[in-house]
Amino acid sequence: MTSPTLVVGELHEGVLSDSTKEAVSVAQSVSGKENVVGFLAGSSPRGPAAGFGRCGVAKAFVAEDPRLDGAVAAVVAHLVASAADSLGAELVIVGGSVFGRDLVARLGTRWNAAVATGVTSLTRTGATLEARRPVFGGRATETRQLQGPHVAIALRPHASAAPPESPGDVALTAVPVDGVPASFWVPKRLGTEVVARGAGPGLTDASIIVSGGRGVRAAENFRLIDELAASLGAAVGASRAVTDAGWRPENYQVGQTGKQVSPQLYIAVGISGAIQHLMGMISSRVIVAINSDATAPIFKVADYGIVGDLFQVVPALTQEVKRARGQ
Amino acid sequence: MPDFSLTPEQESLRDLARKFARTEMAPHAAECDRVSRFPEEIYRKAFDLGLLNLNVPAEYGGSGLGLFDQCLMVEELAYGCGGMTTTVIAHCLAVEPILLAGTPEQKERLLKPFCAEYHLASFALTEPSGGSDPGSMRTLARKEGDDYVLSGEKCFISNAPQASLFVVFANTDPSLRHKGVTAFVVPRSAKGVSVGPDDEKMGHRASSTATIRLDDVRVPASDRLGAEGTGFSLAMRTLDQTRTPIGALATGIAQAALDHAASYSLKRETFGKPISEHQAIQIKLANMAQAVHAARLLTWHAAWLIDRGQKGTLESSIAKCFASDAAFDVADEAIQTFGGYGYMREYPVEKLLRDAKLTQIYEGANEIQRIVIARELLRGYG
Amino acid sequence: MEIVVCVKPVPDAETRLRVAPDGTTLDIEAVKFVLTGYDESAVEQALLLKEATPGSKVHVVSAGPPPRAEEALRASLALGCDLATWVETPPGVSPDPLSAARALARAISTIPHDLVLCGKNAGDDEAGVVAGALAELLGVPDHSAVLDLRWDAASSRLRFQRSTEAGMEKWEAPLPCVVALQQAWNDPRTAKLPAILKSRRSPIAKVASEPIASTAGTTRPTKFELPPPRTGAKLIEFKTPEEAAQKLVKVLKEEAKVFP
């Protein structure tokens, strides 16, 4: 008899995020569909919580309070702990996100649990869970066994697929929003600036990323990268050389001290492939490099490469992508 | 048994120098070499990090490092750029006579300003009449009451165009030949001091050298270092200290040359394979590696002895002579490894040969080193 | 402001990773240890806050084995931290994140702490949980993925941005709290030689590391794998840029199956 597994959800643009759906999929495969229970906190969580039903989750907790939008992870961790305890849950899984990692850190500590984050695959053998996760900037993968009355897992973004959606209902149970230390309510989110990035999604969430490097030569040439990304519906990234030069703001930087990304497709344009950058994108599923220097280290790690002049190749590629996608 | 490992402190010092060399010096080395530019902004950064006054004791605000630790750092800096490192050690060279022969009042008065603010000093011994024969110098110091009046010319003086202070060796009694040489400190601002245009050099072009003219420069007795007639011996004792860091500088150049050659040989292909798989190149690289390792260890040993209070003349001469010859040979072979590309200014190796050459000449030409080595050696058999 | 910054020494990024023959451990001995990237930034941030807020002190703390944890503390002192505390753990292996957080909490609860700064994650295990765990143990909120951190004395609030999936969030929060910093400085300060020498002689307070309480949950790595060596890119041959584009799109569609 497997005990209940709690999946803590979060919202993206008003509905359950992709990361939450991925967490549901993993929970279902590890614990069995019938044992998965959802959790959602927010100012009006009931509507979005219906998304759980469409993923095949039959039950979910909701914590409702106007203060919950823009509350710190500490608040939600407290509420999740109460819900999980009342449920007798042994396993909590959260999707790959900033929130997910925070939640697991606090919850895991509170529970004295076995904890793993950035998990790319999770399997169960009897009482033991086995998690795989990248370490050392994606240069190695570790397999970790987790045992104990409580286990808390945060996934790596895009490591799993979301479950196919079909109509389904979810029975919602309200959890009281109380017992949270007063000081946890004080930090305030003042606003969110959706980062301007053309038509593409956010960098860490994106399944396709087009990144530009020093080879682009000047700020005004970066529009070639933007155009290619737009044609693919991709996010735009940059190497450190580009952000150091001020051609794009720091939050575009992919690398050891920038964002670590793991998209399905990463196209590196005019990027030499210094280790600092590689550590940010090496765990991408497919890497394409476009560079005029055949000896650039990026060609050692890329799956496909074009040795050529990016000022000719990239516009040609944009055209071809548009044609192939019927744009 | 000697312990060849570095302490954590030594590793931190070496890492500091390495980081500075690779991030601040190396990126500008080629450009400064090409146009013969003295990168003052880099030297100011070196000063800010405490890399300039390595041999000045902490009580005056310097880093007060022993010779071994200085050599560790000098090798790393020279890996970044030999010329820029020459600026740093030429400054240390100038400061050394003050350390060896200055009175407590002189040390306080002269050393503190160097550690408080960025200033450079120059060691002015060499003359057109002779570098290896300083006893024949023609610069005279005529005694007038409590002052000395200096007249003469010093050439190939490192840092001269920028220095605020010169340590000048002049003869107060030519009849005594080298026993009449006396050391003085002369501020640039003194009347009669003029510095010629920068010399156009084969290498070390990020360092500037020039001729200094002294036309009846009045120097008070309080600016005389040590007693009259002790200057030659002071110069020799100074060079005893500074000879070993030249070995370290040469080792840094040699290591850079070896690294360039080895990594190039893994990438460059001829006859269907990387040239590192051709025996001719393997033998070259092996010879180069032997030379670099030996240069480093000779330098380390000499520095270690001197830090223990020994004179170390034999060992430091061997280190300087061997390491500088090794740097030249290794740089030469590095160019050969690169083939035609090695001959092109666009590639980094030909600069290393031009920089290595000077290490065989300055701070005691290798011919003189060999004479010193023979003399010291034969002493042991006499 | 009493600022505490937590640092973890990790193998240098250039270290070659080797897996033991039985595949169960990563061989990281005899390797150079440095402050992990984000921790370097956290120290820089701590020092910048100290300089902006007169009367502040920075206390650096590390929970780890000798000699690497001690070296990390001395490196931080050389950068300008005022005090250092070391929770010494058994030699050879860094403690797992939750054990480290417990050790750090033990040390931090004995020293003044208004703001506790951590790096977002460490370059080796990349768990990214220490800040949250530490905050839970200290009973304070934590803020993660933080950029652009400032102290607004007039309102007695920290002001910062957080880089999340939603975008750039603007926040204000009171002290005390734990902050996990995502900021990377383009030009963090370099320790000067005199400071390096001085740091060798600086006292480092030590807090005893209690044996790790038998935790309810245990986790241990059982296998390490290096990715199959990437054999290098399949280069697309082309005569015109258009041909290159066509061939690439085709291969992404049919072979790699990643075309949107």
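Our structure's up above, just so we're on the same page.
The structure presented is a predicted model; accordingly, all values stated were derived computationally and were not measured.

A.B. asks: Looking at this model, I keep getting lost on the overall build of chain B. Mind explaining?
C.D. replies: Counting its secondary structure elements, chain B contains 11 helices and 10 strands. Taking 21 Å as the expected radius of gyration for a compact globule of 382 residues, we find that chain B reaches 21 Å, a close match to that expectation. Considering chain B as a whole, with its 382 residues, one finds that 55% of them fall into the buried category. Summarising the internal contacts of chain B: among those between residues at least 6 apart in sequence, 75% fall at separations of at least 24. Working note: accessible area of chain B is about 16,400 Å², and carbon and sulfur atoms make up 55% of it. If the 41 positive side-chain charges of chain B are averaged to one point and the 48 negative ones to another, these points end up 2 Å apart.

A.B. asks: Please explain the interface of chain A and chain C as it appears in this structure.
C.D. replies: Size of an interface: often given as the accessible area lost when the parts come together. Tallying the contact residues gives 93 residues for chain A and 86 residues for chain C. Summed over both partners, the interface of chain A with chain C buries about 7,500 Å², with 55% contributed by carbon and sulfur atoms. The largest per-residue losses of area from chain A upon contact with chain C belong to Arg106, Phe136 and Tyr304 of chain A, which jointly make up 10% of the total buried on that side. For the interface between chain A and chain C, the tally reads six salt bridges. Across the pair glutamate 136 of chain C and arginine 110 of chain A runs a salt bridge, and its minimum N-O distance is 3.6 Å. Our enumeration of links across chain A and chain C arrives at 28 residue pairs in polar contact (both at pLDDT 80 or more). Looking at the side of chain A that touches chain C element by element, the count peaks at nine residues for helix 4 (residues 98-111) of chain A. Class assignment for the residues of the side of chain A that touches chain C results in 41 nonpolar, 30 polar and 22 charged. Of the pairings in the sheet, the one linking strand 13 (residues 188-193) of chain A to strand 11 (residues 167-173) of chain C comprises five bridges and is antiparallel in character. Looking across to strand 11 of chain C, one finds that glycine 191 of chain A is bridged to lysine 170 of chain C.

A.B. asks: Quick question: what am I supposed to make of the arrangement of the chains here?
C.D. replies: Once contacts are tallied for each of the two pairs of chains in contact, the highest total is for chains A and C. Between chain A and chain B there is no contact; the minimum C-alpha to C-alpha separation amounts to 9 Å.

A.B. asks: Before we go on, may I ask you to explain empty space enclosed by the protein in this structure?
C.D. replies: Taking a probe equal in size to a water molecule and rolling it over the atoms shows the remaining empty space. Residue and element names in this part refer to chain C. Applying the stated criterion across every chain yields a total of seven cavities of 30 Å³ or more. Space inside the largest cavity adds up to approximately 590 Å³. A class-by-class count of the residues in the lining of the largest cavity yields 11 nonpolar, 16 polar and 10 charged. As a volume, the second largest cavity reaches approximately 300 Å³. Those elements that provide at least two residues to the lining of the second largest cavity are helix 3 (97-108), strand 8 (115-119) and helix 4 (130-138). Take the lining of the second largest cavity: its biggest share by element is three residues, from helix 3.

Cut-offs and rules
Residues numbered from 1 in each chain as written. Chains lettered and ligands numbered in written order. Predicted model: local features only at pLDDT ≥ 70, side-chain atom pairs only at ≥ 80, totals over all residues. Heavy atoms only, no water. Helix = DSSP H or I, 4+ residues; strand = E, 2+ residues; numbered from the N terminus. Rg over C-alpha atoms; globule rule 2.2 N^0.38 Å. Buried < 20%, exposed > 50% of the residue type's maximum accessible area, 1.4 Å probe, protein only. Contact = heavy atoms within 4.5 Å. Areas by Shrake-Rupley, 256 points an atom, 1.4 Å probe, with all protein chains shown as cover. Lys, Arg positive; Asp, Glu negative; His and termini not counted. Charge placed at Lys NZ, Arg CZ, Asp CG, Glu CD. Buried area = accessible area lost by both parts, 1.4 Å probe. Salt bridge = Lys/Arg side-chain N within 4 Å of Asp/Glu carboxyl O. Polar contact = N/O pair within 3.5 Å; in protein donor to acceptor, adjacent residues only side chain to side chain. Nonpolar A, V, L, I, M, F, W, Y, C, P; charged D, E, K, R; others polar. Pairing = 2+ DSSP bridges. 1 Å grid on protein atoms, 1.4 Å probe; cavity = no way out; pocket = protein on both sides within 12 Å on 5 of 7 lines; lining within 4 Å. Points joined across faces, edges and corners; volume = space filled by probe spheres on them.

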